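# Observations on the model geometry
Here are the chains, one letter per residue:
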Amino acid sequence: MYPPDCLIVKRPVPDVSKPCSDRKPWQAAARCSLSVVTGPSIMSSDPCSFSSFTRCVTKHLNLSLHLDFERHVIRAKVELTVEALEDRFATLTLDTRDLKILSVSANGQPACFSLGPKHSFKGTPLDITLPFDVSRGQHVIVEVTYETSPSASALQWLTPEQTAGKKHPYLFSQCQAHHCRSMVPCQDSPSVKHTYYAQVEIIRLLTRLRDDGKSISCVTSDLCPQVPMPSYLIAIVVGALESREIGPRSRVWSEKEFADKAAYEFSETETMLKTAEDLAGPYVWGQYDILVLPPSFPYGGMENPCLTFATPTLLAGDKSLSNVIAHEISHSWTGNLVTNKTWEHFWLNEGHTVYLERMIGRCMESEQFRQFKAIGGWKDLQDSVNTFGANNPLTNLVPSLQDVDPDDAFSSVPYEKGFALLYHLEELMGGPEVFMGFVKSYIQLFAYSSVTTEDWKNYLFTYFKDKVDILNKVDWNAWMFTPGMPPVKPQYDTTLADACIALSQRWTKAKEQDLGSFTEYDVKSLSSHQLIEFLSLLLGLWSEHLWLRLCVCAKWEEAVPLALKMATEQGRMKFTRPLFREVFNFEKYRKEAVRVFLAHRAAMHPVTAGLVAKDLKVDASNSSSL
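Residues numbered from 1 in each chain as written. Predicted model: local features only at pLDDT ≥ 70, side-chain atom pairs only at ≥ 80, totals over all residues. Heavy atoms only, no water.

Under an unreviewed UniProt entry, the chain has the name Leukotriene A-4 hydrolase and belongs to Anabas testudineus. According to the UniProt record, the Pathway (unreviewed entry) comment for the chain reads "Lipid metabolism; leukotriene B4 biosynthesis." Turning to the chain, the UniProt annotation filed under Subcellular location (unreviewed entry) states: "Cytoplasm". (UniProt positions renumbered as here; feature names shortened; annotations may be inferred.)

Before going further, it helps to spend a moment on the overall build of the chain. For the chain, the helix and strand inventory stands at 19 helices and 22 strands. Burial statistics for the chain: of 626 residues in total, 59% are counted as buried. (Helix = DSSP H or I, 4+ residues; strand = E, 2+ residues; numbered from the N terminus. Buried < 20%, exposed > 50% of the residue type's maximum accessible area, 1.4 Å probe, protein only.)

With that out of the way, let us pick up the sheet that holds strand 8 (residues 124-134). The strand order 4-8-7 describes an open sheet built from three strands, whose pairing is antiparallel. On the outer flanks of this sheet lie strand 4 (89-96) and strand 7 (112-115), each paired with one strand and no other. The sheet shows a mean angle of 20° between the axes of neighbouring strands, taken without regard to direction. As paired elements, strand 7 and strand 8 share four bridges and run antiparallel to each other. Bridging across to strand 8, F113 finds its partner in I128. (Pairing = 2+ DSSP bridges. Axes fitted to C-alpha atoms, helices over the stretch in contact; angles between N-to-C directions.)

Let us look at the confidence of the model for the chain. On average, residues of the chain score 83 in pLDDT, and 81% of them are at 70 or above. Within the model, pLDDT remains below 50 along residues 204-224, and this stretch shows 63 contacts once partners closer than five positions in the same chain are excluded. Every residue in residues 622-626 scores below 50 in pLDDT, and together they form 13 contacts with partners more than four places removed in sequence or on other chains. (pLDDT = per-residue confidence, 0-100. Contact = heavy atoms within 4.5 Å.)

Across the sheet, three strands lie side by side as 10-11-15; this open sheet has antiparallel pairing. At either margin of the open sheet sits one strand with a lone partner, and together these are strand 10 (155-158) and strand 15 (237-238). In this sheet, strand 11 (residues 170-173) lies alongside strand 10 in antiparallel orientation, the contact comprising four bridges. Counted as the bridge partner of Q156 is F172 from strand 11.

Turning our attention to the UniProt feature "binding site: Zn(2+)" (unreviewed entry) in the chain. Taking the numbering used here, the UniProt-annotated feature "binding site: Zn(2+)" (unreviewed entry) corresponds to H327, H331 and E350. For the annotated residues, spread through 24 residues, the largest C-alpha to C-alpha distance comes to 9.0 Å, consistent with a single compact locus. When its relative accessible area of 8% is taken as the criterion, H327 is described as buried. Checked against the element boundaries, E350 lands in helix 4 (residues 346-364). Those residues in contact with E350 that sit more than four places away from it in its chain are E303, H327, H331, P414 and Y415. Among the polar contacts made by the side chain of E350, one reaches the side chain of H331 at a distance of 3.1 Å. (Polar contact = N/O pair within 3.5 Å; in protein donor to acceptor, adjacent residues only side chain to side chain.)

As for its position among the elements, F597 is in helix 18 (residues 590-600). For the pair formed by F597 and V612, sequence separation is 15 residues and the distance between their alpha carbons is 8.1 Å. Setting aside residues no more than four positions away along its own chain, F597 makes contact with F580, M604, A609, V612, A613, L616 and V618.

Here we take up helix 1 (residues 256-265). Of the positions making up helix 1, those classed as buried are A259, A262 and A263. Looking down the long axis of helix 1, one finds its buried residues gathered within 100° of arc, a one-sided arrangement. Opposite the packed face of helix 1, turned more than 90 degrees from it, sit the exposed residues D260 and Y264. If you follow the buried residues of helix 1, they end up packed against strand 16 (242-247), strand 17 (250-254) and strand 18 (289-292). (Arc of directions from axis to C-beta.)

A word on the packing of aromatic side chains. The geometry of two aromatic rings is summed up by the distance between their centres and the angle between their planes. For the structure on display, the rule yields 28 aromatic pairs. Their ring planes at 40° and their centres at 6.1 Å tell us that Y355 and F419 sit as a pair that is tilted. Separated by 64 residues along the polypeptide, Y355 in helix 4 and F419 in helix 7 (residues 413-429) bring together distant segments of the chain. Per residue, the accessibility class of Y355 equals that of F419, and both read buried. When the ring of F438 is compared with that of F464, the centres are 5.8 Å apart and the planes differ by 40°; the resulting orientation is tilted. (Phe/Tyr/Trp six-rings, centres within 6.5 Å; stacked < 30°, edge-to-face > 60°.)

Here we come to helix 2 (residues 269-280). Here helix 2 spans 16 Å end to end across 12 residues, near enough to the 16 Å set by a 1.5 Å rise per residue. Listed in full, the buried residues belonging to helix 2 are T269, E270, M272, L273, T275, A276, L279 and A280. Just downstream of helix 2 lies G281, where phi reads positive at about 110°. (Expected span 1.5 Å × (residues − 1).)

Moving on to the pairing of strand 5 (residues 100-106). On a regular strand, one side chain projects to one face of the sheet and the next to the other, so that they alternate. Taken together, the six bridges between strand 5 and strand 9 (residues 139-147) define a ladder with antiparallel strand orientation. Bridge pairing in strand 9 places A106 opposite V142. Two strands pair when backbone bridges link them, and strand 5 and strand 6 (residues 109-110) are joined in this way by two bridges, in the antiparallel orientation. Bridging from a neighbouring strand, A106 pairs with Q109 of strand 6.

On to the packing of helix 7 against helix 8 (residues 432-446), then. Two numbers describe how helix 7 lies on helix 8: the axes approach to 8 Å, and their chain directions differ by 120°. Here helix 7 is positioned oblique relative to helix 8, judged by the angle of their axes. With respect to the hand of their crossing, helix 7 and helix 8 are arranged in right-handed fashion. In contact with L422, L425, E426 and M429 of helix 7, helix 8 contributes P432, V434 and F435. (Parallel < 35°, antiparallel > 145°, perpendicular 65-115°, else oblique. Left-handed = near helix turned anticlockwise from the far one by under 90°.)

Okay, structure coming up:
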């Protein structure tokens, strides 16, 4: 257990963190999980990466980070152990974005380097020429000394005022999908995995000084688990954090103001872990901790190995809590252990994770519960297809991302269209137990590697070799490469949904004289998930943000400031982007939407700010728009 009064840097496993000797009545924790090794096959290209991974691959990574909270930069040195995949190997390319490269060496000898032209979303290629040739199979250690930009898209630096405690600054990262390159020069492609060793120094973290007048700093170094991981799972968090034990291999981390509530809310974590292990095989990552981030975190959760990042909206009445944690736990197998080779195959990560998440719900609740959640997922898919447009190629299960920013392609399509395909195959192949056997076998076969849809499909046909005639009847082109809704709508069990529909219809059809017939017992038999669905059907919404969107859409002017307030007080993109869009579409308040966004943009996560800027047609390079 970590000392409660010491600055520490936290790592994936609890027995390797080292407390600093300078004890104070506060605590800060940092988490780094870096990665990159190769799978069984190498693709010729990744449209979202410059890196030369057909000619060489990173096998190991040493990283030294010096965090400067005053300048909002990281001064760093990375040593990449690179294996040559060809004879007379002498040049390589790494991905970077807005990095200041200070020096490059190879096996201790100076190496020539140059930065290519900047691409709109891929960043800038770092071309390195080695001072010698390397033969196929040999390793070379490439060392890059560099500094990040204060506007690095992977990092958000928070002032003390932006935290719950209001006393100490905070830093967290979000590298998925292609933002690691703004923090570390690397082969930033999910097709490449590696082990790592990290050292972190926190410089001028706190506003207070030691008794001798010197700034407080802490250095730690430790060996991280030897499990190869893709670069997008690199993660770091530094802040005044406390932890609570929530299971034999789990702790929850947050600012102290939320620590006890977080521990209560995440008390079922170990049960979910054990259930997932029964379904998918052993959990190989050791520790499974959860970090509750500040409100500006842009996603519901992020599956960083050993330390899931979670939105604080889960502590504010968001009833999707169990789904989010089950989802992120499932990523320990589908995503982190078996990884999509490029972001065009993102559905392999997310479709399988939704399938496993709902299988966990089936085991812990019921099959009807799984069916109920699947119905909700189908509605989410319909919403995404409607938003993109039914003919938009980004609604393909396997889209082309040539010249497409992965952030712009993000939606529920790979999640729910992917799940719908897997559920359809489950029905064809013999039911959930039979198909879960395939999913578990697929995970075991491709563990520690990255795969394509073709790899997955080939194994599907191999595993169900006695049912190839059935698989051949599946319209694979329609499922994989055709935009819009799937060619087949699964027939889900509507038992739990029907109860919500029946009650909502009673309300909508009621006359004034019927109102006395409604009692609290009408909803007592509904689960929290059913209650949300009932409200959704009754009001056309299921939460505050949807209610505000509805009000703004109806041109109710009093709702505009409330919508903008919610859009800026938290940064979860699921809420923030639609609220800004609705106000922007209300022509009378279009300029107000832009004004409020510009006033709060600096406090937003870089990914969120960039996407909202596109929604509001704000030029990212300046403050003008309309």
